[in-house]
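Architecture and fold: a report
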Amino acid sequence: MGKQILMVVTNHTDMQEGKKTGIWLSEFAEAYLGFQENGYEVTVASPKGGAGPIDPGSVDDQTPQAILDAAKHLEHTRKLER
């Protein structure tokens, strides 16, 4: 079995009424891509499974394409089980 990493992300979308939150995309993407580049098999999980929300403040027109492309790994997170 190869080297494995479990990345656990949030499903939380609201910080307070009217204030959206989520995963800071560059923090997730840089770690995810770094792990993959170093030969790790990466599993992305969240408490509820499904989509991991991206904090809208973490993406703008200056966000590098590689970071934007990594968002696909947040679309179908594995549900954490007890």
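Description of the structure in this document. Just so it is clear, the model here is predicted, and its values are computed rather than measured.

What follows is about the overall build of the chain. Each helix and strand counted, the chain has two helices and five strands in total. Walking the chain from its N terminus toward its C terminus, one meets helices and strands in the order β-β-β-α-β-α-β. Along the longest, intermediate and shortest principal axes, the C-alpha atoms of the chain span 45 × 35 × 15 Å. Taken across its 82 residues, the chain has 32% of its residues classed as buried. In the chain, of all internal contacts separated by at least 6 residues, the share reaching a separation of at least 24 is 81%. When the accessible surface of the chain is summed, it comes to about 5,800 Å², and 49% of that surface belongs to carbon and sulfur atoms. In the chain, 8 positive and 12 negative side-chain charges are present, and the distance between their average locations comes to 10 Å.

Okay, the packing of aromatic side chains next. Aromatic rings in a pair are described by how distant their centres are and how their planes are angled relative to each other. As enumerated under the stated definition, the model contains two aromatic pairs in all. On the basis of an interplanar angle of 70° and a centroid distance of 6.1 Å, the ring pair of Phe35 and Tyr40 is categorised as edge-to-face. By relative accessible area, Phe35 is classed as partly exposed at 27%. In this structure, Lys3 is placed above the aromatic ring of Tyr40, and the distance from its NZ or CZ to the ring centre is 4.7 Å.

This brings us to the nonpolar core. Judged by nonpolar contacts, the single largest core of 14 residues is most densely connected at Phe28, Val44 and Leu74. Contributions of two or more residues to this core are made by β1 (4–8), α1 (25–37), β4 (41–46) and α2 (65–70). Looking at this core, the element that brings in the most residues is α1, giving four residues. Discounting chain neighbours no more than four positions away, the residues touching Val44 are Met7, Val9, Phe28, Tyr32, His73, Leu74, Thr77 and Arg78.

Right, let's get into the sheet that holds β4. The three strands are arranged β1-β4-β5 in an open sheet whose pairing can be described as parallel. Here the strands that pair on one side only, and so sit at the sheet edges, are β1 and β5 (78–79).

The end-to-end C-alpha distance of α1, which contains 13 residues, comes to 18 Å, matching closely the 18 Å that a straight helix rising 1.5 Å per residue would cover. Restricting attention to buried positions, one finds in α1 the residues Leu25, Phe28, Ala29 and Tyr32. Buried residues in α1, looked at end-on, bunch into an arc of 90°, giving them a common side. Pointing more than 90 degrees away from the buried face of α1 are the exposed residues Glu27, Glu30 and Glu37. The inward-facing, buried residues of α1 abut β1, β4 and α2.

What counts as what
Residues numbered from 1 in each chain as written. Predicted model: local features only at pLDDT ≥ 70, side-chain atom pairs only at ≥ 80, totals over all residues. Heavy atoms only, no water. Helix = DSSP H or I, 4+ residues; strand = E, 2+ residues; numbered from the N terminus. Buried < 20%, exposed > 50% of the residue type's maximum accessible area, 1.4 Å probe, protein only. Contact = heavy atoms within 4.5 Å. Areas by Shrake-Rupley, 256 points an atom, 1.4 Å probe, with all protein chains shown as cover. Lys, Arg positive; Asp, Glu negative; His and termini not counted. Charge placed at Lys NZ, Arg CZ, Asp CG, Glu CD. Phe/Tyr/Trp six-rings, centres within 6.5 Å; stacked < 30°, edge-to-face > 60°. Lys NZ or Arg CZ within 6 Å of the ring centre and 35° of its normal. Core = buried A, V, L, I, M, F, W, Y, C linked by side-chain atoms within 4.5 Å. Pairing = 2+ DSSP bridges. Expected span 1.5 Å × (residues − 1). Arc of directions from axis to C-beta.

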